[in-house]
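Chains, contacts and geometry: an overview
These are the residues of each chain, in order.
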Protein chains: 2
Amino acid sequence: MKIEKEFITDEAKELLLTDSIILQAYNEVKTSICSPVWPMKSKIFTINNIEKNCNGVVPIKELCYTLLEETYNWYREKPLDVLKLEKKKGGPIDVYKEFIKNNDLKRVGMEFETGNISSAHRSMNKLLLGLKRGEIDLAVILMPIKQLAYYLTDRVTNFEELEPYFELTEGHPFIFIGFNAEAYDPNVPLIPKGSDGMSKRSIKKWKDKIGNK
Amino acid sequence: MKIEKEFITDEAKELLLTDSIILQAYNEVKTSICSPVWPMKSKIFTINNIEKNCNGVVPIKELCYTLLEETYNWYREKPLDVLKLEKKKGGPIDVYKEFIKNNDLKRVGMEFETGNISSAHRSMNKLLLGLKRGEIDLAVILMPIKQLAYYLTDRVTNFEELEPYFELTEGHPFIFIGFNAEAYDPNVPLIPKGSDGMSKRSIKKWKDKIGNK
């Protein structure tokens with residue numbers, strides 16, 4: 001997979017230049033979204049483009065999250081205190097990592113969008129709320145670009161669709177990444193929809209990490 | 001119908017105290033959301049509470065919008081320039097009015113939420129974008145409160161559900177209104193779902209107003 005489009009707020013740009021932890025977080029995210037290949041033993045990600053909406057998107061997300069969890073030690077399902085404890089409603093952030101270096105703590109929250117456009121607005125607002133409340137120091141959203149999304153699950157959101165709203169994150173360190181397949185070929189296998197055909201694995205949940213403390 | 005909950009940002013509070021046009025807009029919205037009665041010839045709004053999700057919500061919205069359009073001269077489907085002309089994507093604002101008094105122009109955009117929670121996030125962000133770009137001077141979102149939403153269309157959003165995110169509108173003049181029925185009674189007729197059984201009327205679209213200029 002490759003990164004084709006990006007939107008990085010001025011605040012995130014500044015952090016990338018001045019904060020080595022934030023730069024490390026960004027590099028881990030980029031490596032993880034670029035790592036999926038298709039078919040499985042290929043060197044690049046080639047998407048079947050035989051017809052609209054013919055591939056699933058969840059397996060791509062899972063490949064990305066697996067690397068984040070298993071190689072880089074990110075955690076899944078991190079609740080924000082503002083939502084869980086104060087407001088007592090709303091779900092957790094998809095993936096999250098606390099980086100500590102020389103007594104400096106930086107917390108990064110990320111969501112890989114596999115829902116529709118309105119669901120992407122909710123993800124963006126959840127991460128914005130986390131930034132505003134000082135519960136995370138950088139937010140990242142991953143989405144397929146429009147050209148790729150055309151061949152993924154119906155109505156999955158794409159980078160260009162949310163792009164008009166990126167400016168609502170100005171003033172906060174926020175990065176939007178639009179990824180694309182390296183090649184399009186109607187002869188490669190289709191990516192299964194949902195989690196069909198995926199190997200079962202146990203995800204690393206934040207609550208289990210906390211529970212072990 | 002009655003208003004039971006409200007969230008008014010400091011910026012909107014200030015405007016309500018100092019700007020008679022904004023106060024007028026707010027009063028028109030309040031009158032319009034409080035005007036629906038049920039059953040039709042009753043003096044109050046009584047909702048059938050025989051079971052979860054038994055009533056429709058669209059007819060309530062339509063009664064409110066009808067008053068706004070026909071009595072107060074609001075318009076439907078106002079596109080934001082930033083979305084229509086600049087970004088070339090994204091739908092219009094639900095209802096909109098331009099108030100002019102002593103050469104002072106104030107533009108108010110409003111949405112009555114009948115979709116799910118993620119759709120409410122999108123509406124909020126659309127109105128925020130309009131405020132940020134200076135295309136509207138006040139934004140209003142109407143939603144049923146949770147108690148009432150329980151008896152409306154499945155998954156329709158409610159005031160309490162979006163409430164954790166209201167603070168993202170701080171710094172902008174934004175008003176959230178949570179309405180409720182005056183009474184609950186399992187013996188009143190059900191409100192039809194969708195637009196079934198509603199009288200056809202032609203809505204006042206912004207583009208027709210502009211077209212007539």
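Residues numbered from 1 in each chain as written. Chains lettered and ligands numbered in written order. Predicted model: local features only at pLDDT ≥ 70, side-chain atom pairs only at ≥ 80, totals over all residues. Heavy atoms only, no water.

- In the nomenclature of an unreviewed UniProt entry, chain A is known as Restriction endonuclease of Paenibacillus ottowii.

1. As for the overall build of chain A
- For chain A, the helix and strand inventory stands at 8 helices and 8 strands.
- In summary, chain A has a C-alpha radius of gyration of 17 Å against a globular reference of 17 Å for 213 residues, a match within 12%.
- Out of the 213 residues in chain A, the part that is buried amounts to 51%.
- If you sum the accessible surface of chain A, you get close to 9700 Å²; carbon and sulfur atoms cover 48% of it.
- Between the mean site of the 32 positive side-chain charges and the mean site of the 31 negative ones, chain A shows a separation of 5 Å. (Helix = DSSP H or I, 4+ residues; strand = E, 2+ residues; numbered from the N terminus. Rg over C-alpha atoms; globule rule 2.2 N^0.38 Å. Buried < 20%, exposed > 50% of the residue type's maximum accessible area, 1.4 Å probe, protein only. Areas by Shrake-Rupley, 256 points an atom, 1.4 Å probe, with all protein chains shown as cover. Lys, Arg positive; Asp, Glu negative; His and termini not counted. Charge placed at Lys NZ, Arg CZ, Asp CG, Glu CD.)

2. Thoughts on helix α1 (residues 10-18) of chain A
Residues and elements named next belong to chain A.
- Taken together, the buried positions of α1 are A12, L15 and L16. Relative to the axis of α1, the buried residues are bounded by an arc of 100° and lie together on one face. Exposed residues lying more than 90 degrees from the buried face of α1 are D10, L17 and T18. (Arc of directions from axis to C-beta.)

3. A closer look at helix α3 (residues 58-70) of chain B
- Here α3 of chain B is 13 residues long and its end C-alpha atoms lie 18 Å apart, about the 18 Å a rise of 1.5 Å per residue gives.
- Among the residues of α3 of chain B, those classed as buried are P59, I60, K61, E62, C64, Y65, T66, L68 and E69 of chain B. (Expected span 1.5 Å × (residues − 1).)

4. With respect to the interface of chain B and chain A
- Counting from both sides, the interface comprises 23 residues of chain B and, opposite them, 23 residues of chain A.
- Both faces combined, the contact of chain B with chain A buries some 2100 Å², and carbon together with sulfur accounts for 58% of it.
- For the chain B face of the interface with chain A, the top three residues by lost area are N125, Y165 and E167 of chain B, together amounting to 26%.
- Across the chain B-chain A interface, the total number found is 6 salt bridges.
- With its nearest N and O atoms 2.7 Å apart, the salt bridge here joins R133 of chain A to E167 of chain B.
- Connecting chain B to chain A are 10 residue pairs in polar contact (both at pLDDT 80 or more).
- Taken together, the elements giving at least two residues each to the side of chain B that touches chain A come down to α4 (81-87), α5 (117-132) and α7 (159-162) of chain B.
- Element by element, the count of residues in the side of chain B that touches chain A is highest for α5 of chain B, at 11 residues. (Contact = heavy atoms within 4.5 Å. Buried area = accessible area lost by both parts, 1.4 Å probe. Salt bridge = Lys/Arg side-chain N within 4 Å of Asp/Glu carboxyl O. Polar contact = N/O pair within 3.5 Å; in protein donor to acceptor, adjacent residues only side chain to side chain.)

5. Some words on the packing of helix α5 (residues 117-132) of chain A against α5 of chain B
- Put simply, α5 of chain A and α5 of chain B touch, their axes get as near as 7 Å, and they point 70° apart. The orientation of α5 of chain A relative to α5 of chain B falls into the category roughly perpendicular. Between α5 of chain A and α5 of chain B, the residues in contact are I117, S118, S119, H121, R122, M124 and N125 of chain A and I117, S118, S119, H121, R122, M124 and N125 of chain B, respectively.
- For the contact of α5 of chain A with α5 of chain B, the per-class residue count stands at 4 nonpolar, 8 polar and 2 charged. (Axes fitted to C-alpha atoms, helices over the stretch in contact; angles between N-to-C directions. Parallel < 35°, antiparallel > 145°, perpendicular 65-115°, else oblique. Nonpolar A, V, L, I, M, F, W, Y, C, P; charged D, E, K, R; others polar.)

6. A closer look at unusual backbone geometry
All names here are of chain A.
- The peptide bond linking W38 to P39 adopts the cis configuration, its omega dihedral lying at -10°.
- The topology assignment puts P39 in the loop between α2 (20-34) and β2 (46-47).
- Positive phi, normally seen in glycine, also occurs at N53, with a value near 60°.
- Here N53 shows up in the loop between β2 and α3 (58-70).
- On the accessibility criterion, N53 (17% relative accessible area) is buried.

7. Here's the deal with the relation of the copies chain B and chain A
- Superposing chain B onto chain A requires a rotation of 180° together with a translation of 0.0 Å along the rotation axis, leaving an RMSD of 0.0 Å. Here the copies are linked by what is in effect a two-fold axis. Nearest to the rotation axis, the C-alpha of S118 of chain B is located 2.5 Å from it, this being the minimum over chain B.
- Same-surface contact between copies: 100% of interface residues of chain B are shared with the interface of chain A. (Least-squares fit on C-alpha atoms with pLDDT ≥ 70 in both.)

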